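Below are the chains, spelled out letter by letter.
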Amino acid sequence: MTESTELTAMSIAEILTSLPHRYPFLMIDKIISINGDESAVGVKNVTFNEPIFQGHFPGNPIFPGVLIIEGMAQTAGAIVIKHDSNGGKKNIVLMLGVDKAKFRKPAGPGDVIEFHIAKIQRRRNVGRYKAQAIVDGTVIAEAEITAMIVEATS
């Protein structure tokens, strides 16, 4: 990419062209900051209408930690796919591992989760990313995500 076409943000429409995920499993609403495939900040607006809250937990809705991890991975995947896009070839990102995951505070309806992603290293089609989930300036979760970029089969 040239500097004049450098991607700085992604709308939901751009995310949908980069990721295969759809409702109810798309965990990011937009990406507000992108620095190539080096770093990004994705956003998830948690609402009471999320289908997960019917069972997790009625009367005390808590957004599941596994879905916070998924939001981190989707943010990293979206910027990598967009950064690597080259014409007609379509790629997807597969999660290979999650390390050093820590959950510090719960998230729930009304929270805006920011997924802060920073590349640790990338070799060919495998990347490792440091991720933090932040609500109102407080880190609620963190992890290291390892993912592999593969050519989509369909």
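Residues numbered from 1 in each chain as written. Predicted model: local features only at pLDDT ≥ 70, side-chain atom pairs only at ≥ 80, totals over all residues. Heavy atoms only, no water.

1. A few points about the side chain of Glu50
Selection rule: Helical segments are the DSSP runs of H or I of at least four residues, strand segments are the runs of E of at least two, and each set is numbered from the N terminus. Three exposure classes are used, based on accessible area relative to the maximum for each residue type with a 1.4 Å probe and protein chains only: buried under 20%, partly exposed in between, and exposed over 50%. Here a polar contact is recorded for every N or O atom pair within 3.5 Å, except that within protein the pair must consist of a potential hydrogen donor and a potential acceptor, and residues adjacent in sequence are included only if both atoms are side-chain atoms. Contacts are residue-level and defined by heavy atoms, with any inter-residue pair within 4.5 Å sufficient.
Residue placement: Glu50 occurs in the loop between strand S2 (39-45) and helix H2 (65-84). Under the relative-accessibility criterion, Glu50 is labelled buried at 12%. Of the polar contacts made by the side chain of Glu50, one reaches the side chain of Lys44; its length is 3.0 Å. In this structure, Glu50 is in contact with Lys44, Asn45 and Phe63, ignoring residues within four places of it in sequence.

2. Quick word on the sheet that holds strand S6 (residues 138-151)
Which entries qualify depends on this criterion: Strand pairing is defined by DSSP finding a minimum of two bridges between the two strands. Throughout, an axis means a line fitted to C-alpha atoms (over the contacting stretch in the case of helices), and angles, computed between N-to-C directions, take values from 0 to 180 degrees.
Pairing is antiparallel in the open sheet, where 6 strands are placed in the order S1-S2-S4-S5-S6-S3. Only two strands of the sheet have a single partner each, and these edge strands are strand S1 (30-35) and strand S3 (91-103). The sheet shows a mean angle of 25° between the axes of neighbouring strands, taken without regard to direction. In this sheet, S2 lies alongside S1 in antiparallel orientation, the contact comprising 5 bridges. Counterpart to Asn35 in the pairing with S2 is Ser39. Relative to S6, H2 is tilted by about 45°, and along the sheet it contacts S1, S2, S3, strand S4 (112-123), strand S5 (126-135) and S6.

3. Some remarks on unusual backbone geometry
In the segment running from Tyr23 into Pro24, the intervening peptide bond is cis, with an omega of 5°. Looking at where Pro24 falls in the secondary structure, it is placed in the loop between helix H1 (12-18) and S1. Cis peptide bonds are those with omega within 30 degrees of zero, and the linkage from His56 to Phe57 qualifies with -10°. Mapped onto the elements, Phe57 comes out in the loop between S2 and H2. Look at Lys100: it is not a glycine, yet its phi comes out positive at around 55°. Relative to the helices and strands, Lys100 is located in strand S3. Accessibility expressed as a relative area gives 60% for Lys100, which makes it exposed.

4. Let's talk about H2
Quick note on the threshold: Helix span is expected to be 1.5 Å times the residue number reduced by one.
Across its 20 residues, H2 extends 29 Å between first and last C-alpha, which sits within 8% of the 28 Å expected from 1.5 Å per residue. Of all 20 residues in H2, 15 are buried, a share of seventy percent or more.

5. Quick look at the side chain of Lys44
Turning to its location among the elements, Lys44 is positioned in strand S2. If we skip the residues at most four places from it in the chain, Lys44 touches Leu26, Met27, Asp29, Glu50, Phe63, Asp111, Val112, Ile113 and Phe115.

6. A word on the pairing of S4
Across 7 bridges, S2 lies against S4 in antiparallel orientation. Residue Lys44 lies in a different strand from S4, and its bridge partner there is Ile113. Counting the residues between successive antiparallel strands, the hairpin from S4 to S5 contains 2 residues, one of them, Arg124, with a positive phi of roughly 50°.

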